[in-house]
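Chain residues, written in single-letter form:
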Amino acid sequence: MRLAKNLAHSGVASRRAAETMIAAGRVTIDGATVTDPARDVTGAETIAVDGEPVGAAPRRVVYALHKPAGVVSTARDTHGRPTVVDLVPEARTRLYPVGRLDADTTGLILLTNDGALADHLTHPRYEVPKTYRAKVANPPVGERAVQRLRDGVALDDGPTAPARARRVRPDVIELTIREGRKRQVRRMCEAVGHPVVSLERIAFGPLRLGGLGPGEHRQLTPAEIERLRRG
Ligand code: URA
(Lines give C-alpha, C1' and ligand atoms only; values in the text may rest on other atoms or scores of the structure.)
Protein backbone atom coordinates (compact mmCIF):
# COMPACT_ATOMS: atom_id res chain seq x y z
CA MET A 1 0.00 0.00 0.00
CA ARG A 2 1.15 3.54 -0.68
CA LEU A 3 2.45 5.49 2.28
CA ALA A 4 -0.14 8.31 2.05
CA LYS A 5 -2.98 5.80 1.88
CA ASN A 6 -1.55 3.91 4.83
CA LEU A 7 -1.48 7.12 6.91
CA ALA A 8 -5.06 7.97 5.89
CA HIS A 9 -6.22 4.47 6.88
CA SER A 10 -4.48 4.85 10.23
CA GLY A 11 -6.61 7.93 10.88
CA VAL A 12 -3.64 10.31 10.83
CA ALA A 13 -5.17 12.67 8.27
CA SER A 14 -7.01 12.70 4.96
CA ARG A 15 -5.01 11.28 2.08
CA ARG A 16 -4.41 14.74 0.66
CA ALA A 17 -3.21 16.07 4.02
CA ALA A 18 -1.01 12.98 4.47
CA GLU A 19 0.62 13.66 1.11
CA THR A 20 1.40 17.20 2.25
CA MET A 21 2.88 15.93 5.53
CA ILE A 22 5.07 13.46 3.66
CA ALA A 23 6.24 16.07 1.14
CA ALA A 24 7.09 18.37 4.07
CA GLY A 25 9.50 15.76 5.45
CA ARG A 26 7.47 15.06 8.60
CA VAL A 27 7.18 11.32 8.04
CA THR A 28 9.79 8.64 8.70
CA ILE A 29 9.86 4.94 7.91
CA ASP A 30 12.05 2.98 10.28
CA GLY A 31 13.70 6.23 11.29
CA ALA A 32 14.50 7.49 7.77
CA THR A 33 12.68 10.52 6.36
CA VAL A 34 10.57 9.72 3.29
CA THR A 35 9.20 12.44 1.01
CA ASP A 36 7.54 10.26 -1.63
CA PRO A 37 3.83 9.74 -0.83
CA ALA A 38 3.70 6.84 -3.30
CA ARG A 39 6.37 4.89 -1.44
CA ASP A 40 5.15 1.32 -0.87
CA VAL A 41 4.80 0.05 2.69
CA THR A 42 3.92 -3.45 3.85
CA GLY A 43 2.63 -2.61 7.32
CA ALA A 44 5.64 -4.16 9.05
CA GLU A 45 7.56 -0.86 9.18
CA THR A 46 7.58 1.66 12.01
CA ILE A 47 6.04 4.79 10.56
CA ALA A 48 6.24 8.02 12.52
CA VAL A 49 4.88 11.54 12.02
CA ASP A 50 6.83 14.31 13.71
CA GLY A 51 8.72 11.59 15.55
CA GLU A 52 5.60 9.98 17.00
CA PRO A 53 4.83 6.44 15.90
CA VAL A 54 1.56 6.03 14.03
CA GLY A 55 -0.90 3.43 15.19
CA ALA A 56 -1.79 4.46 18.69
CA ALA A 57 -5.50 5.37 19.00
CA PRO A 58 -5.85 9.07 18.21
CA ARG A 59 -6.62 11.29 21.17
CA ARG A 60 -9.70 13.44 21.13
CA VAL A 61 -8.80 16.90 19.91
CA VAL A 62 -10.90 20.02 19.46
CA TYR A 63 -9.62 23.13 17.71
CA ALA A 64 -11.15 26.60 17.75
CA LEU A 65 -10.65 28.34 14.43
CA HIS A 66 -11.36 31.90 13.33
CA LYS A 67 -12.85 31.21 9.92
CA PRO A 68 -12.07 33.91 7.38
CA ALA A 69 -14.56 34.82 4.65
CA GLY A 70 -14.38 32.71 1.49
CA VAL A 71 -13.44 29.51 3.33
CA VAL A 72 -16.08 26.77 3.35
CA SER A 73 -16.96 24.87 6.51
CA THR A 74 -17.44 21.45 4.96
CA ALA A 75 -14.55 18.97 5.26
CA ARG A 76 -14.26 18.95 1.48
CA ASP A 77 -15.44 21.30 -1.25
CA THR A 78 -16.48 20.07 -4.66
CA HIS A 79 -15.47 23.42 -6.17
CA GLY A 80 -11.93 23.23 -4.82
CA ARG A 81 -12.33 26.18 -2.45
CA PRO A 82 -10.25 26.17 0.76
CA THR A 83 -11.95 24.48 3.70
CA VAL A 84 -11.74 25.07 7.44
CA VAL A 85 -9.95 21.72 7.74
CA ASP A 86 -7.20 22.98 5.40
CA LEU A 87 -6.52 25.75 7.92
CA VAL A 88 -5.37 23.24 10.58
CA PRO A 89 -2.69 21.46 8.56
CA GLU A 90 -0.77 20.06 11.51
CA ALA A 91 -3.69 18.01 12.84
CA ARG A 92 -2.63 14.40 12.82
CA THR A 93 -6.17 13.14 12.71
CA ARG A 94 -9.24 13.49 10.53
CA LEU A 95 -11.14 16.59 11.57
CA TYR A 96 -14.83 17.35 11.21
CA PRO A 97 -16.32 20.85 11.43
CA VAL A 98 -18.86 21.23 14.25
CA GLY A 99 -21.85 22.69 12.40
CA ARG A 100 -21.63 25.11 9.52
CA LEU A 101 -21.01 28.74 8.81
CA ASP A 102 -21.86 30.27 5.44
CA ALA A 103 -18.83 30.78 3.21
CA ASP A 104 -19.12 34.54 3.70
CA THR A 105 -19.58 34.33 7.50
CA THR A 106 -16.44 34.78 9.60
CA GLY A 107 -15.67 33.82 13.18
CA LEU A 108 -15.58 30.95 15.61
CA ILE A 109 -15.93 27.40 14.34
CA LEU A 110 -14.87 24.24 16.11
CA LEU A 111 -13.20 21.24 14.51
CA THR A 112 -12.89 17.85 16.13
CA ASN A 113 -11.98 14.25 15.40
CA ASP A 114 -14.72 13.12 17.83
CA GLY A 115 -17.84 12.55 15.72
CA ALA A 116 -20.02 11.91 18.78
CA LEU A 117 -19.01 15.24 20.31
CA ALA A 118 -19.69 17.03 17.01
CA ASP A 119 -23.18 15.44 16.83
CA HIS A 120 -23.87 16.33 20.45
CA LEU A 121 -22.93 19.97 19.93
CA THR A 122 -24.98 20.39 16.76
CA HIS A 123 -28.08 18.39 17.71
CA PRO A 124 -31.08 20.75 18.10
CA ARG A 125 -32.04 18.96 21.33
CA TYR A 126 -28.97 20.36 23.13
CA GLU A 127 -29.74 23.93 22.09
CA VAL A 128 -26.16 25.17 22.27
CA PRO A 129 -26.27 29.00 22.22
CA LYS A 130 -24.36 30.65 19.39
CA THR A 131 -23.71 34.40 19.37
CA TYR A 132 -23.31 36.45 16.22
CA ARG A 133 -22.46 40.05 15.47
CA ALA A 134 -24.23 41.29 12.37
CA LYS A 135 -23.41 44.53 10.63
CA VAL A 136 -26.64 45.45 8.93
CA ALA A 137 -28.09 47.76 6.30
CA ASN A 138 -30.68 50.51 6.90
CA PRO A 139 -29.34 51.91 10.18
CA PRO A 140 -30.18 52.90 12.77
CA VAL A 141 -31.60 49.65 14.13
CA GLY A 142 -34.62 50.52 16.25
CA GLU A 143 -35.83 48.93 19.49
CA ARG A 144 -38.87 47.52 17.68
CA ALA A 145 -36.68 45.50 15.30
CA VAL A 146 -34.56 44.24 18.21
CA GLN A 147 -37.68 43.24 20.15
CA ARG A 148 -39.01 41.32 17.14
CA LEU A 149 -35.72 39.38 16.95
CA ARG A 150 -36.10 38.55 20.66
CA ASP A 151 -39.71 37.44 20.35
CA GLY A 152 -39.17 35.34 17.21
CA VAL A 153 -39.78 36.21 13.59
CA ALA A 154 -41.76 34.34 10.94
CA LEU A 155 -39.47 32.69 8.39
CA ASP A 156 -40.61 30.55 5.48
CA ASP A 157 -39.62 27.41 7.44
CA GLY A 158 -41.52 28.51 10.54
CA PRO A 159 -41.16 31.01 13.39
CA THR A 160 -37.82 31.35 15.18
CA ALA A 161 -37.55 30.58 18.88
CA PRO A 162 -37.04 33.44 21.35
CA ALA A 163 -33.50 34.81 21.08
CA ARG A 164 -31.26 37.26 22.88
CA ALA A 165 -30.71 40.40 20.86
CA ARG A 166 -29.24 43.82 21.46
CA ARG A 167 -28.09 46.74 19.40
CA VAL A 168 -24.39 47.37 19.99
CA ARG A 169 -24.04 50.19 17.46
CA PRO A 170 -26.60 51.89 15.20
CA ASP A 171 -25.70 49.37 12.47
CA VAL A 172 -24.60 46.35 14.54
CA ILE A 173 -26.83 43.75 16.18
CA GLU A 174 -25.63 41.04 18.57
CA LEU A 175 -27.86 38.01 18.41
CA THR A 176 -27.76 34.74 20.38
CA ILE A 177 -29.75 31.84 18.98
CA ARG A 178 -30.05 28.22 20.06
CA GLU A 179 -31.26 26.93 16.73
CA GLY A 180 -29.12 26.36 13.67
CA ARG A 181 -31.25 26.71 10.57
CA LYS A 182 -29.79 27.53 7.21
CA ARG A 183 -28.75 31.20 6.95
CA GLN A 184 -30.89 31.82 10.00
CA VAL A 185 -29.33 35.05 11.26
CA ARG A 186 -29.28 36.55 7.78
CA ARG A 187 -32.95 35.65 7.27
CA MET A 188 -33.97 36.95 10.71
CA CYS A 189 -32.26 40.31 10.21
CA GLU A 190 -33.71 40.65 6.73
CA ALA A 191 -37.19 39.87 8.10
CA VAL A 192 -36.96 42.87 10.44
CA GLY A 193 -35.81 45.21 7.69
CA HIS A 194 -32.04 45.07 8.20
CA PRO A 195 -30.31 42.80 5.66
CA VAL A 196 -26.90 41.60 6.86
CA VAL A 197 -23.84 43.28 5.37
CA SER A 198 -21.32 41.10 7.23
CA LEU A 199 -21.68 38.40 9.86
CA GLU A 200 -19.28 37.08 12.48
CA ARG A 201 -19.81 34.37 15.10
CA ILE A 202 -18.23 35.50 18.36
CA ALA A 203 -19.24 32.67 20.69
CA PHE A 204 -20.19 29.00 20.59
CA GLY A 205 -21.56 27.64 23.88
CA PRO A 206 -19.16 28.71 26.63
CA LEU A 207 -16.34 29.51 24.18
CA ARG A 208 -15.57 32.94 22.81
CA LEU A 209 -13.62 33.92 19.72
CA GLY A 210 -11.39 36.03 21.96
CA GLY A 211 -8.11 37.16 20.49
CA LEU A 212 -7.92 34.65 17.62
CA GLY A 213 -7.17 36.53 14.40
CA PRO A 214 -8.70 35.57 11.03
CA GLY A 215 -7.27 32.22 9.93
CA GLU A 216 -5.75 31.51 13.36
CA HIS A 217 -6.57 28.46 15.43
CA ARG A 218 -5.77 26.94 18.78
CA GLN A 219 -6.34 23.61 20.46
CA LEU A 220 -8.86 23.58 23.31
CA THR A 221 -7.66 22.44 26.72
CA PRO A 222 -9.22 19.32 28.30
CA ALA A 223 -11.07 21.61 30.75
CA GLU A 224 -12.55 23.63 27.88
CA ILE A 225 -13.65 20.44 26.11
CA GLU A 226 -15.32 19.25 29.29
CA ARG A 227 -17.15 22.57 29.72
CA LEU A 228 -18.33 22.38 26.11
CA ARG A 229 -19.54 18.82 26.54
CA ARG A 230 -21.51 19.69 29.66
CA GLY A 231 -23.07 22.69 27.93
N1 URA B 1 -26.67 32.31 10.46
C2 URA B 1 -26.43 32.69 9.19
O3 URA B 1 -27.26 33.32 8.55
N4 URA B 1 -25.26 32.34 8.65
C5 URA B 1 -24.30 31.67 9.31
O6 URA B 1 -23.23 31.39 8.76
C7 URA B 1 -24.57 31.30 10.64
C8 URA B 1 -25.77 31.62 11.18
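Report on the accompanying structure.

Rules used throughout
- Residues numbered from 1 in each chain as written.
- Predicted model: local features only at pLDDT ≥ 70, side-chain atom pairs only at ≥ 80, totals over all residues.
- Heavy atoms only, no water.
- Buried < 20%, exposed > 50% of the residue type's maximum accessible area, 1.4 Å probe, protein only.
- Helix = DSSP H or I, 4+ residues; strand = E, 2+ residues; numbered from the N terminus.
- Arc of directions from axis to C-beta.
- Contact = heavy atoms within 4.5 Å.
- Pairing = 2+ DSSP bridges.

Some thoughts on helix α4 (residues 143-151)
Those residues of α4 not exposed but buried are Ala145, Val146 and Leu149. The buried residues of α4 occupy an angular sector of 100° when the element is viewed end-on, so they sit on one face. With respect to the buried face of α4, the exposed residues turned more than 90 degrees away are Glu143, Arg144 and Asp151. On its buried face, α4 is in contact with β11 (164-169), β12 (172-177) and α5 (184-191). Glycine 152, located one to two residues past α4, shows a positive phi value of around 115°.

Structural notes on the pairing of strand β5 (residues 62-67)
When you tally the buried positions in β5, you get six out of six residues, the bulk of the element. Of the two faces of β5, the one lined by Val62, Ala64 and His66 and the one lined by Tyr63, Leu65 and Lys67 are each fully buried. The sheet contact formed by β5 and strand β7 (residues 106-112) spans six bridges and is antiparallel. The residue bridging valine 62 from the neighbouring strand is threonine 112, located in β7. Note that β5 and strand β15 (residues 217-219) share three bridges and pair antiparallel. The residue bridging alanine 64 from the neighbouring strand is arginine 218, located in β15.

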